[in-house]
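# Reading the structure
These are the residues of each chain, in order.
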Amino acid sequence: MPNIVLFSGSSHQDLSQRVADRLGLELGKVVTKKFSNQETSVEIGESVRGEDVYIIQSGCGEINDNLMELLIMINACKIASSSRVTAVIPCFPYARQDKKDKVGESRAPISAKLVANMLSVAGADHIITMDLHASQIQGFFDIPVDNLYAEPAVLQWIRENIAEWRNCIIVSPDAGGAKRVTSIADRLNVEFALIHKERKKANEVDRMVLVGDVKDRVAILVDDMADTCGTICHAADKLLSAGATKVYAILTHGIFSGPAISRINNAAFEAVVVTNTIPQEDKMRHCSKIQVIDISMILAEAIRRTHNGESVSYLFSHVPL
C-alpha cells in the first residue's frame, strides 16, 4: 500500500507489530521519552509529508501518559504535513465517563467528550476504535469514527472451544449489554439472558437479579470490559446457583485492576476470554483461566479498507453465520 505510514505508541507495541505484519508494513520510526520533570517527548524519525498516517495507541497501562503521548504524536504528524492522521485506539480511554447517571450529579464531568475534543484539537482526522463502552461516544466527535466489533472473533472462539455451544445461553451481566448478547445469541441460534444489577457506588455491586432460564446449560457471560471483576464474578455465582453447568466469560477489554486476578482465580469460571486490545501477558502468568483472542486481523483490515477508500462496515455486515 503506497503513501501509508504506521506508527506505534508505547502502550501496546506487540499489537502494533501484529497489525503491521498483517499489512506487510514496517512500523514507522518514532522515539518517545520523558524529561526529568515527566513531560512527554516524541520525535518522529521519518518524513510523513503527504502520507496517510495511522497511530496505534490503546487506552491502557499508564492511561494519562499514553493519552498525552498519542495527542503529541498526532500533532507532530499533523504539523509535519501528513495528508491524514488516523488514531487507532483499540481500547478508548475514559469511555465509562460518557454521561451523568443521576440527577444529583450536576457537577460530574463527561470525560469521554473531553477526550474526543482533545483528539480533534490535536489534529486527528479519523478515529478507529473497538467495542466502545457506549456507542453514543461516536457522537462526541465531529470527525469520522469507526467503532469496530470483536463479535466475529468471539463467535469463532465459541464454536472452536466450547464443545456444548449448541446448548449454551449467552448472558449479559447488565441491562446495558442486552443488544450485544442478543446479536451473538442470534448468530449462534441460542437463547439469551441478562442480569439486572444495582450499584451502591462505582465498582461495587449491591444485588443481582437473573432474567432468563440457565438451568442445565452452559452459560457464556459476554461484556465489553471487566475492571475489578466484581460484577462478572458475582454473576458467575448467580448463574451456577441458578443451575448452569459451566460458566465462561468473554470480554473485549480485560482491564483487570485491583483485586481482579485473585477474584478470577477464586471464581468458578471454566475460562475468562479477552481480546488483546490490552496487553495480557503479565495477567496470564498469574491466572491460568485467562485466554486471549487476537484481534489484529480486524484492526489491520479496517486500516487497509480505510486507506483504500473501501467500506469498513462490510467487515461486519458480511460475517458468516
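From a predicted model like this one, the values you see are computed outputs, not experimental measurements.

Thresholds applied
- Residues numbered from 1 in each chain as written.
- Predicted model: local features only at pLDDT ≥ 70, side-chain atom pairs only at ≥ 80, totals over all residues.
- Heavy atoms only, no water.
- Helix = DSSP H or I, 4+ residues; strand = E, 2+ residues; numbered from the N terminus.
- Buried < 20%, exposed > 50% of the residue type's maximum accessible area, 1.4 Å probe, protein only.
- Polar contact = N/O pair within 3.5 Å; in protein donor to acceptor, adjacent residues only side chain to side chain.
- 1 Å grid on protein atoms, 1.4 Å probe; cavity = no way out; pocket = protein on both sides within 12 Å on 5 of 7 lines; lining within 4 Å.
- Points joined across faces, edges and corners; volume = space filled by probe spheres on them.
- Nonpolar A, V, L, I, M, F, W, Y, C, P; charged D, E, K, R; others polar.
- Contact = heavy atoms within 4.5 Å.
- Domains from an automatic or database assignment.
- Buried area = accessible area lost by both parts, 1.4 Å probe.
- Salt bridge = Lys/Arg side-chain N within 4 Å of Asp/Glu carboxyl O.

Right, let's get into the side chain of N276. Turning to its location among the elements, N276 is positioned in the loop between β13 (271–275) and α8 (281–286). Given a relative accessible area of 6%, N276 falls into the buried group. There is a polar contact of 2.9 Å between the side chain of N276 and the side chain of D294. One polar contact links the side chain of N276 to the main-chain amide nitrogen of I295, over a distance of 2.9 Å.

With that settled, consider empty space enclosed by the protein. By the definition in use, this model includes 1 cavity of 30 Å³ or more. The computed volume of the largest cavity comes to approximately 60 Å³. What lines the largest cavity is Q57, S58, G59, I63, N66, L67, L70, I89 and P93. Ranked by the residues each element gives to the lining of the largest cavity, the list is headed by helix α2 (residues 63–79), at 4 residues. Residue composition of the lining of the largest cavity, grouped by class: 5 nonpolar, 4 polar and no charged.

It is worth spelling out the environment of A153 at this point. With respect to the element layout, A153 can be found in helix α4 (residues 151–161). Along the sequence, A153 and V88 sit 65 residues apart, while their C-alpha atoms lie 19 Å from each other. With sequence-adjacent residues up to four places away left out, A153 is seen in contact with I293, I295 and I298.

Right, let's talk about the domain arrangement of the chain for a bit. Segmentation of the chain into domains returns domain 1 (4–148) and domain 2 (151–293). For domain 1 and domain 2, the distance between their C-alpha centroids amounts to 28 Å. Taken residue by residue, the interface counts 14 residues in domain 1 and 13 residues in domain 2. At the boundary of domain 1 with domain 2, total buried surface from both sides reaches about 1,100 Å², with 52% on carbon and sulfur atoms. Looking at the side of domain 1 facing domain 2, the largest losses of area belong to H12, R96 and D131, adding up to 41% of the total buried there. The tally of links between domain 1 and domain 2 comes to 1 salt bridge. The shortest N-O distance in the salt bridge between D227 and R96 comes to 3.1 Å. The interface formed by domain 1 and domain 2 holds 7 residue pairs in polar contact (both at pLDDT 80 or more) in total. Considering every element that reaches the side of domain 1 that touches domain 2, the biggest residue donor is helix α1 (residues 13–23), with 3 residues. Broken down by class, the residue content of the side of domain 1 that touches domain 2 amounts to 6 nonpolar, 4 polar and 4 charged.

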